[in-house]
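An overview of the molecular structure
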Amino acid sequence: MDKLLIEGGARLSGEIAISGAKNAALPILCAALLTTEPVTFTNVPRLNDIATLLRLLEQMGVKVSREADVVTLDASGVDNPVASYEMVKTMRASILVLGPLVARFGEARVSLPGGCAIGARPVDQHIKGLQAMGADVKVEHGYVHAKVPKLKGARIFTDMVTVTGTENLMMAACLADGETVIENAAREPEVVDLANCLVAMGARISGAGGDVIRIQGVAALHSATHRVMPDRIETGTYLCAAAVTGGDVRLTGTSASYLDAVIDKLMDAGCEIVAERDAVRLKAPARLNAVSLRTAPYPAFPTDMQAQFMAINAVAEGTAVIRETIFENRFMHAVELQRLGADIKIDGNTAFVKGVARLQGATVMATDLRASASLIIAGLVAEGETTIERIYHLDRGYEKLESKLAALGAKVRRLS
Ligand code: UD1
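As a starting point, this report considers the structure included with it. Just so we're clear, the structure is a prediction, and the values are computed from it rather than from any experiment. (Residues numbered from 1 in each chain as written. Predicted model: local features only at pLDDT ≥ 70, side-chain atom pairs only at ≥ 80, totals over all residues. Heavy atoms only, no water.)

Considering the pairing of strand S11 (residues 179–183)
On a regular strand, one side chain projects to one face of the sheet and the next to the other, so that they alternate. Examined bridge by bridge, strand S10 (residues 155–157) and S11 share three bridges and lie parallel to one another. Each residue of the ladder has a partner; that of isoleucine 156, found in S11, is isoleucine 182. In this fold, the crossover linking S10 to S11 by way of helix H6 (residues 163–173) has right-handed handedness. Sheet topology places S11 next to strand S13 (residues 212–216); five bridges connect them, and they run antiparallel. Paired with threonine 180 across the strands is isoleucine 215, a residue of S13. (Pairing = 2+ DSSP bridges. Helix = DSSP H or I, 4+ residues; strand = E, 2+ residues; numbered from the N terminus. Right-handed = clockwise from strand over helix to strand, strands pointing away.)

A look at the layout of surface pockets
Empty pockets left among the atoms are what a rolling probe the size of a water molecule brings to light. In this structure, the second largest pocket occupies an estimated 270 Å³ of space. Considering the residues around the second largest pocket, the lining is formed by 19 residues, among which Val244, Thr245, Ala286, Val315 and Val381 are closest to the centre. Going through the elements one at a time, helix H8 (232–244) and helix H12 (369–381) are the ones with two or more residues in the lining of the second largest pocket. Partitioned by chemical class, the residues of the lining of the second largest pocket number 13 nonpolar, three polar and three charged. (1 Å grid on protein atoms, 1.4 Å probe; cavity = no way out; pocket = protein on both sides within 12 Å on 5 of 7 lines; lining within 4 Å. Points joined across faces, edges and corners; volume = space filled by probe spheres on them. Nonpolar A, V, L, I, M, F, W, Y, C, P; charged D, E, K, R; others polar.)

Let's talk about helix H4 (residues 98–105)
H4 sits mainly inside the fold: seven of its eight residues count as buried. Taken together, the buried positions of H4 are occupied by Leu98, Gly99, Pro100, Leu101, Val102, Ala103 and Arg104. Looking at the residues trailing H4, positive phi occurs at glycine 106, about 75 degrees. (Buried < 20%, exposed > 50% of the residue type's maximum accessible area, 1.4 Å probe, protein only.)

Comments concerning the pattern of salt bridges
Counted by the stated rule, this structure contains 23 salt bridges. For arginine 277, the salt bridge is made with aspartate 278, and the minimal N-O distance between the two is 3.6 Å. Classification of arginine 277 as exposed rests on a relative accessible area of 73%. In this structure aspartate 278 comes out as partly exposed when scored by relative accessible area, which is 45%. Among the ionic contacts, a cluster of salt bridges with common partners joins Asp2, Asp395, Glu402 and Arg414. (Salt bridge = Lys/Arg side-chain N within 4 Å of Asp/Glu carboxyl O.)

Okay, here's the thing in structure tokens:
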């Protein structure tokens, strides 16, 4: 299993390009299931999660062609509307095939995701929405089995804000009879990017980006080309990496506009940030101030940036209080950060992080994608060498991680 070795102490500076967003690309690739015509996507990041999804689509009968960041999918020959446990257990987002499959084929069998490192993460809202649209949904032998002659438009109110739930139901509604209204919808930029892609394919959607989304069903969708939005979490992660090292970086191919809550906190921490049209520049002070935060659905502070901020707070001046309100078990990185010398106390969903003058390099273990990112950030400022084990988590979500970090001057290498 690959490991990452980081020699702490280098100040990050320079420029790198941000990749397409994993969490936008995953639903957008699934949208190709809704049409018999080929759909082309650009700016698709080369990540293990994307490769897993493309494999799953291929198993269903989708023709996949990929060259660099351009992926073309042709779902005219789909003959197997099934997502097996083997696929879903490695990537929960596989559940995103459920809505499109039921909408186009009137049937789907998708494995339940089961538990994951950051919590139970059920899919009851996805099921409830499809049931409201007239589908007969049974959970049998660990699989969600949905069947319906034709989905019907419905008013759906989700019990909590769910990103993939909103995306699944929005895709399903595109081919339903009549109007669907999703209330309490997720407002994440990735939901808007998916809606833009669906509209380019001929869907009639309004309100994406707000908490009420209206979809008028159409008889069929068609061919289109769509560019995946930049990855705001990758952007935020490199901003934190630069900030913690007192660095000065410019990230291109991205935008500060999706990152207001994160940028606000980095400015509170003492960083200077310049938002350009397609780039973000950050200059950091020698030592950051501690910043408290509370995660919540967009536009509030993203749970996917919580671990990275725990790492920067670990060496900041002062004490930060971090509240995690989205996932019940998302502090696994805290114990690993403690191994590097961080002073962190956990009480339920709240972490108290008292900044220390310096961390010390050690061997730590990545437990999930964003937890791994926080260990890299800590490793960049720890004294001596930090070894991060189980970095396959990072390969799920960060494209060309070592080469991007190295381009900014980090001393990092991968051991296979
Ligand atoms: C998505 C993102 C993930 C991010 C998360 C929250 C993708 C592929 N992943 O995950 O990176 O951390 O949003 O911003 O886009 N819930 C239920 N029942 C449901 C659905 C969700 O109880 O049917 C709960 C979850 O357990 C969680 C909360 O709702 O506590 C939010 O989850 P959700 O927004 O659905 O997360 P994902 O879409 O899985």
